[in-house]
Amino acid sequence: MVRQIIHIDEEKCNGCGICATACHEGAIEIINGKEKLVRENFCDGFGDCLPGCPTGAITFENREAPEYDEEAVKASKELKAKGHGCPGSRFMQLGKKEDASAEGSNDAQVQASFYSKPVSRLMQWPCQIKLLPTQAEFYNGAKLLIAADCTAYAYANMHEDFMKGKVTMIGCPKLDEGDYTEKLTEIIKYNDIKSVTVVRMEVPCCGGLQRAAENALRNSGKFIPWQVVTISRDGNILE
């Protein structure tokens, strides 16, 4: 049937996730950093997703499309209500966590207790390479940390020594499907990235992460400071 349905211009889409959140039917999902209409029969054509789009990537069009399936939408919502969904993948920029000032406090013991507590240095959500958008506000002027999953468990001071002040991106080249090169290239090419740090394990399979980052830097056409740090299995930095 011919009916009104939304159209997403992928050239304009920045992968912010606003329309996916606004779509109460669950017709839109983020795939490879871009919003896509993945379930045409879930789109009611009312356009709740249009007003929040910051780039004007969403418009209406009249074309051949499956009929809106209200029963399927209800069934999908019921599954999500029971926990069969992933609302936690919505993009967000977390507050930059710098050491708070202890000015005004004269209690040395209180200050020592405060500073002894570990502080999370994660600056954005999500942090998995597969889930991150290719364009987002938190990339503006960012230093990238591209880290293998295992490094945070092998190296004890990961947050302070590597994550602090950086946008953290994690992945496992052995267990994740596909290659990170294309996505990393888009992130570096289309955002104001200041530097790239790759943290990998000493095991051979981690070489895939390093190669993807190196290829992305080369493909982006940019000259950006970068470094590779290798962590041993017993948690030391290898020279």
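We now turn to the structure provided with this report. (Residues numbered from 1 in each chain as written. Predicted model: local features only at pLDDT ≥ 70, side-chain atom pairs only at ≥ 80, totals over all residues. Heavy atoms only, no water.)

Focus: the environment of L238
Here is the rule: Labels follow the DSSP assignment, with helices taken as runs of H or I lasting at least four residues and strands as runs of E lasting at least two, numbered in each case from the N terminus. Residue contacts are defined here by distance: any two heavy atoms, one from each residue, within 4.5 Å place the two residues in contact.
Counting through the fold element by element, L238 comes out in strand β11 (residues 237–238). Measuring from C-alpha to C-alpha, the distance between L238 and M201 comes to 9.5 Å, with 37 residues separating the pair along the chain. Contacts of L238, omitting those with residues within four sequence positions, involve E202, T230 and S232.

Thoughts on the pattern of salt bridges
Where charged atoms from two side chains of opposite charge come close, those side chains can pair. Rules: Salt bridges are counted wherever a side-chain nitrogen of Lys or Arg sits within 4 Å of a carboxyl oxygen of Asp or Glu. Only protein chains enter the accessibility calculation, which uses a 1.4 Å probe; a residue is then buried when its area is under 20% of its type maximum, exposed when over 50%, and partly exposed in between.
Considering all chains together, one arrives at eight salt bridges under this definition. Its salt-bridge partner being E202, residue R233 comes within 3.1 Å of it at the nearest N-O pair. Placement of R233 in the loop between β10 (226–231) and β11 and of E202 in the loop between β9 (193–201) and α7 (207–220) is noted, with a sequence separation of 31 residues between them. For E202, a relative accessible area of 30% corresponds to the partly exposed category. Among the ionic contacts, a cluster of salt bridges with common partners joins E40, E61 and R63.

Read these as spatial facts, not as claims about activity.
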